[in-house]
Amino acid sequence: MPARISAVAVFCGSRFGNLPDYRAAAEAMGASLARAGIHLVYGGGDVGLMGTVADAAIAAGGKVTGIIPEFLKAREIMHNGVTDLIVTETMHTRKQKMFALAEAFVVLPGGFGTFDELMEILTWKQLCLHTSPILIVDVAGWAKALVNMLDTAVEQGFASSNARALLEVVPDVESAMKRLCATSSTEATSGRQEERV
Ligand SMILES: Nc1ncnc2c1ncn2[C@@H]1O[C@H](COP(=O)(O)O)[C@@H](O)[C@H]1O
């Protein structure tokens, strides 16, 4: 039987957003990954939901790798409590490193940076650069407009329904964890094709 995945990248906001549900979901995500023995890979900051997910994973005894570009160390308040901290030269090398280390991608509430990270990992999957699961956790409906935009692209003939199926929308952290814990490392092929991105 193939091994279960062991590392997940979480993309989420550098702010808290304006509903308490967002912070609660970030806490639940970090703690649940740690309790499941899954290594958290994230952007390395100690701000907003990013800091929350990392703090929760650390508090629950999890392994956490933060990856932050040099120029954001002050702005995103580089997290000093993580297991490993990788400082990259650029945003691009940060994304590449997160991609290389993770076997699945979870998107929690966030802003433009989170959208960028989602779109890049989704389009890389569309280009067959990886096969790893991409889960959007639709906490309190935050992702409805985003998912609507993707569905509209399919309706208008700009994306195929096969491409839309590369992304899964789940209602909460519990559902995301069920999916992650059911994912084998053979389904996920992120880091193996790193040299092509
Ligand atoms: N263009 C970007 N590419 C990748 N990551 C980005 C980009 N812009 C910002 N980010 C990072 O995303 C997270 C979350 O940002 P939010 O705007 O708060 O969603 C943060 O670490 C940004 O550095």
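Keep in mind it's a predicted model, so treat the numbers as computed, not measured. Along each chain, residues carry numbers from 1 onward, in the same order as the chain's sequence is written. Selection of residues for local features in this predicted model requires a pLDDT of at least 70, selection of side-chain atom pairs for listing and counting requires 80 or more, and totals for whole chains, interfaces and linings are taken over all residues. The side-chain values count all of the structure's non-hydrogen atoms but skip hydrogen atoms and water molecules.

Visitor: How do you make sense of the overall build of the protein when you look at a structure like this?
Guide: Counting its secondary structure elements, the protein contains seven helices and seven strands. A helix here means a DSSP run of H or I that spans at least four residues, while a strand means a run of E at least two residues long, and both kinds are numbered starting from the N terminus. Listing each helix as α and each strand as β along the protein from the N terminus yields β-α-β-α-β-β-α-β-α-β-α-α-β-α. Every radius of gyration here is taken over C-alpha atoms, with the globule rule written as 2.2 Å times N^0.38, N being the number of residues. Radius of gyration (C-alpha) of the protein: 16 Å, near the 16 Å computed for a compact globule of 197 residues. Along the first, second and third principal axes, the C-alpha set of the protein runs to 45 × 40 × 35 Å.

Visitor: Help me out: how do you make sense of the pattern of salt bridges in this one?
Guide: Two side chains bearing opposite charge may form a pair once their charged atoms approach each other closely. Should a side-chain nitrogen of Lys or Arg be within 4 Å of a carboxyl oxygen of Asp or Glu, the pair is scored as a salt bridge. Summed over the entire model, instances satisfying the criterion amount to nine salt bridges. Among the ionic pairs, Glu 70 bridges to Lys 73, the shortest N-O distance being 3.3 Å. Across the salt bridge formed by Glu 76 and Arg 94, the nearest N and O atoms sit 3.0 Å from each other. Residue Glu 76 is found in the loop between strand 3 (64-69) and strand 4 (84-88), and its partner Arg 94 is found in helix 3 (residues 91-101); the two are separated by 18 residues along the sequence.

Visitor: Got a minute to help me understand the packing of helix 1 (residues 20-35) against helix 2 (residues 48-59) in this structure?
Guide: Axis angle and axis distance: for two packed helices, these are the angle between their axes and the distance between the axes, and together they describe the pair. All axes are obtained by fitting lines to C-alpha atoms, using only the stretch in contact for helices, and the reported angles, taken between N-to-C directions, cover 0 to 180 degrees. Running from N to C, helix 1 and helix 2 cross one another at 35 degrees; their axes reach a closest spacing of 7 Å. Judged by the twist between their axes, the crossing of helix 1 over helix 2 is right-handed. Here helix 1 contributes Tyr 22, Arg 23, Ala 26, Glu 27, Met 29, Gly 30, Ala 31 and Ala 34 to the contact with helix 2, which in turn contributes Leu 49, Thr 52, Val 53, Ala 56 and Ala 57. For the contact of helix 1 with helix 2, the class distribution of residues is nine nonpolar, two polar and two charged. Less than a right angle of anticlockwise turn of the near helix away from the far helix marks a crossing as left-handed, whereas a clockwise turn marks it as right-handed. We call two residues in contact when some of their heavy atoms are within 4.5 Å. When residue character is reported, Ala, Val, Leu, Ile, Met, Phe, Trp, Tyr, Cys and Pro are called nonpolar, Asp, Glu, Lys and Arg charged, and the others, Gly included, polar.

Visitor: Is there a simple way to explain the packing of aromatic side chains in this structure?
Guide: Geometry of an aromatic ring pair is reported as the spacing of the ring centres plus the angle between the planes. Pairing of aromatic side chains requires ring centres within 6.5 Å, counting the rings of Phe and Tyr and the six-membered ring of Trp. Pairs whose planes differ by under 30 degrees are stacked, by over 60 edge-to-face, and all others tilted. In the structure shown here, the tally under the stated rule is five aromatic pairs. Relative to Phe 115, the ring of Phe 112 has its centre 6.3 Å away and its plane inclined at 35 degrees; by these criteria the two rings are tilted. Pair noted here: Phe 112 and Phe 115 are both in helix 4 (residues 112-126), with a separation of three residues, about one helical turn. Think of it in three bands: with a 1.4 Å probe and only protein chains considered, a residue is buried below 20% of the maximum accessible area for its type, exposed above 50%, and partly exposed in between. Given the relative accessible area of 73%, Phe 112 is considered exposed. A residue is classified by how much of its surface remains accessible, and Phe 115, at 30% relative accessible area, is partly exposed. Between Phe 115 and Trp 142, the aromatic rings sit 6.4 Å apart at their centres with planes inclined by 5 degrees, giving stacked as the arrangement. Separated by 27 residues along the polypeptide, Phe 115 in helix 4 and Trp 142 in the loop between strand 6 (134-137) and helix 5 (144-155) bring together distant segments of the chain. Following the ring pairs from residue to residue traces out a cluster consisting of Phe 11, Phe 99, Phe 105 and Trp 124. Charge over a ring is defined by NZ of Lys or CZ of Arg lying within 6 Å of the ring centre and within 35 degrees of the ring normal. Of note, Arg 23 hangs over the ring of Phe 16, and the distance from its end group to the ring centre comes to 3.7 Å.

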